[in-house]
Structures are given as structure tokens and as C-alpha cells.
Amino acid sequence: MSKPARVVVLGCGTSTGVPAIGCLDPVCLSDDPRNKRLRPSILIENGDSNLLVDTGPDLRQQALQHGLRRVDAVVYTHYHADHTNGIDDLRVFNFIMKKSIPCYAHPESAKIIRANFSYIFSDENHYVGFKPRLTLEEVGTEPFETGGMKVRPFDMEHGGIRVMGIRVGDFAYATDCSSIPPESMEILKGVRVLILDALRHREHPSHLTIKQALEIVDRLKPEKTYFTHTNYELEFHETNRNLPKGVELAYDGLTLDIRI
Ligand SMILES: [Zn+2]
Ligand SMILES: [Zn+2]
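These notes cover the structure that comes with them. What you see is a predicted model; the values in this text were computed from it and never measured.

1. Some details on the coordination of the zinc ion (ligand 1)
Right, so step 1: For the zinc ion (ligand 1), the full set of protein donor atoms is Asp 82 (OD), His 83 (NE2), Asp 176 (OD) and His 229 (NE2), at a range of 2.1 to 2.3 Å.
Right, so step 2: Relative to the metal, the four donor atoms surrounding the zinc ion (ligand 1) lie at angles of 91 to 165°, and the coordination shape comes out irregular.
Right, so step 3: Between consecutive donor residues of the zinc ion (ligand 1), the sequence gaps follow D-H-x92-D-x52-H.
Right, so step 4: Separating the zinc ion (ligand 1) from the zinc ion (ligand 2) is a distance of 3.4 Å, and Asp 176 supplies a donor atom to each of them. Pair noted here: His 83 is in helix H3 (residues 81–84) and His 229 is in the loop between strand E12 (224–228) and helix H9 (236–241), with a separation of 146 residues, a long-range link.

2. Section: the pairing of strand E1 (residues 6–11)
Right, so step 1: Taking burial as the measure, the six residues of E1 include five buried ones, the bulk of the element.
Right, so step 2: Alignment of E1 against strand E14 (residues 255–257), held across three bridges, turns out to be antiparallel. Across the sheet, the residue bridging to Val 7 is Leu 256, located in E14.
Right, so step 3: Two strands pair when backbone bridges link them, and E1 and strand E2 (residues 41–46) are joined in this way by five bridges, in the antiparallel orientation. When the sheet's bridge partners are listed, Val 9 is paired in E2 with Ile 42.

3. Brief notes about the pairing of E12
Right, so step 1: With four of five residues buried, E12 is to be regarded as a mostly interior element.
Right, so step 2: When strand E11 (residues 193–197) meets E12, the two strands line up parallel, connected through five bridges. Opposite Ile 195, over in E12, you have Tyr 226 as the bridge partner.
Right, so step 3: Crossover handedness for the path E11 to helix H8 (residues 210–220) to E12: right-handed.
Right, so step 4: Pairing of E12 with strand E13 (residues 247–249), which is carried by three bridges, proceeds in the parallel orientation. Bridged to Phe 227 within E13 is Leu 249.

Definitions and cut-offs
One numbering rule holds for all chains: residues counted from 1, following each sequence as written. Each chain gets a letter, beginning with A, and each ligand a number, beginning with 1, in the order they are written. Predicted model: local features are reported for residues with pLDDT of at least 70 only, side-chain atom pairs are reported and counted for 80 or more only, and whole-chain, interface and lining totals are derived from all residues. Remark: hydrogens and water are excluded; side-chain values derive from all non-hydrogen atoms of the structure. For Na, K and Ca the donor cut-off is 3.2 Å, and for all other metals it is 2.8 Å, counting N, O and S atoms only; because water is absent from this set, sites may look incomplete. Four donors are marked tetrahedral only if all angles between them lie between 85 and 135 degrees, whereas four are marked square planar and six octahedral if opposite donors are more than 155 degrees apart and the other angles lie between 65 and 115; the remainder are marked irregular. Going along the chain from the N terminus, every DSSP run of H or I of four or more residues is numbered as a helix, and every run of E of two or more is numbered as a strand. Relative accessibility under 20% of the residue-type maximum defines a buried residue, over 50% an exposed one, and the middle range a partly exposed one, all with a 1.4 Å probe and only protein chains included. Strands are treated as partners if at least two bridges between them are detected by DSSP. For a crossover, the right-handed case is the one in which the path from the first strand over the helix to the second runs clockwise, viewed with the strands pointing away from the viewer.

Right, here's the structure in full:
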């Protein structure tokens, strides 16, 4: 029997990670593993096929912690460093799987990813050493199939940047957003499990606050919602105590069964 589909939260921290370097705030100094958050990324497992969403700077650590041995495809939500800077570590999966890895991004994200990592994507062979073997395919809002999964992308606003949210079956991942346009809310209708951006309580130009995220939850009414991209101001247990039923903070290592 094939394994059920599931999501593993590899990291749910904001761009600095929690603790942030040099930070002396209580959550950064906390020993509680729930207050330690790597840079944001998830893995969607479907049988023996693995779809990785983003390759942040903590990818190596995340892959080691979870015994990750294959990546069949990568979806890039956008080009920000906290979602891309671990890209070089994809080469180990090329070694293990002996094939290149298809990656997907919006055209505007793909352009910047190609420029930032030109040694990977340029045909000019000045680079001496092993580099990842990747294809970077540009996608819009049309569904596409990869790693045995149908991925339904949707657009989100991230302080002036277009970010890709994805829906896979009854699950959706919506990190790095300051608002979700009506056409994307339509795609999210009926979602059972949602992982949603909620940086902190105070307003921010490119992320949802807890209050704003709760407004979205109220409209979509998923069975379970987990907030991600959370910063050092959100103590895990204290924040959860004040969230409504069915909503809680994600944590690194959280595993969710989904239906594809
Ligand atoms: Zn981010
Ligand atoms: Zn971002």
C-alpha cells in the first residue's frame, strides 16, 4: 500500500530564523524547541515522491533532520533570500537520484533566481566544481503536475511582490503575504488544512499580522490552520492560548496528513 500524502513543516520562522543572531529577547533565549524556528519551507510527500517548497538557507539542516533522500520537484514561492539561498544543497539530491530536478516559479521570481544564481543557470561554464542540475520552469496560475501531484498555484501580494501560494488537494500553503486577492480566495475555498503567513501582532508592509491572518481564516473556515513565518515576538504557548479553536502556530517538524 502506498504511503498517505503528508506535509512536513521544515521551517516556520521568519527571514532571520528564531532565534535571530544577536537577539536577546525572551523567545530568542528560550530553550523550548517550539520557540526555535528555521527559515520557512515545507515538504509535501506523496507516496515516494517529494515536493519541496522553497530552498532556504537552512535546507541542509532540515534535510539532515528529516532524513531527506529525494526531492522530485521544487516550487519557489518567490525569490527572497530566506526562500532561495539553500539552492546549492539541491545538488546532493542530483547525486543520489542521478537526475536533474524540475523547479517552478513565477516568471518574475525566475528572472531574479536565474540572476542571483547565474552559476547554476548560465550555460557559460566558468564555474569549477559541482553545481546543482536544475530546470527552472515559469508558471502562472494554471495548475501543473509534478512529482505525481496536481499543484494549483494562486497569487498573493507580498508588499509589492507577487508570491505563489499553492493548493494541493485539501491543503494550501500561503507564506509571505500581506493580502490575498479575491480570485485566490476563490481557489482557497473548501481548503481543509491551511498554513498561512502571520508574522507578528504589529503591522508590517509585506506580511500579515495575527489579526489580519485570523480575518482570512474566518472567511475560509478551514478545519485546521497553522501560522507560519512567525518572528521572535510570538512565544509559542502564550500565542496559542490566545488563538481561536482550530488555529495554532506551526512548529518545525509539524506533520500533517492531507488528501490529494
Ligand atoms: Zn520569507
Ligand atoms: Zn518574502
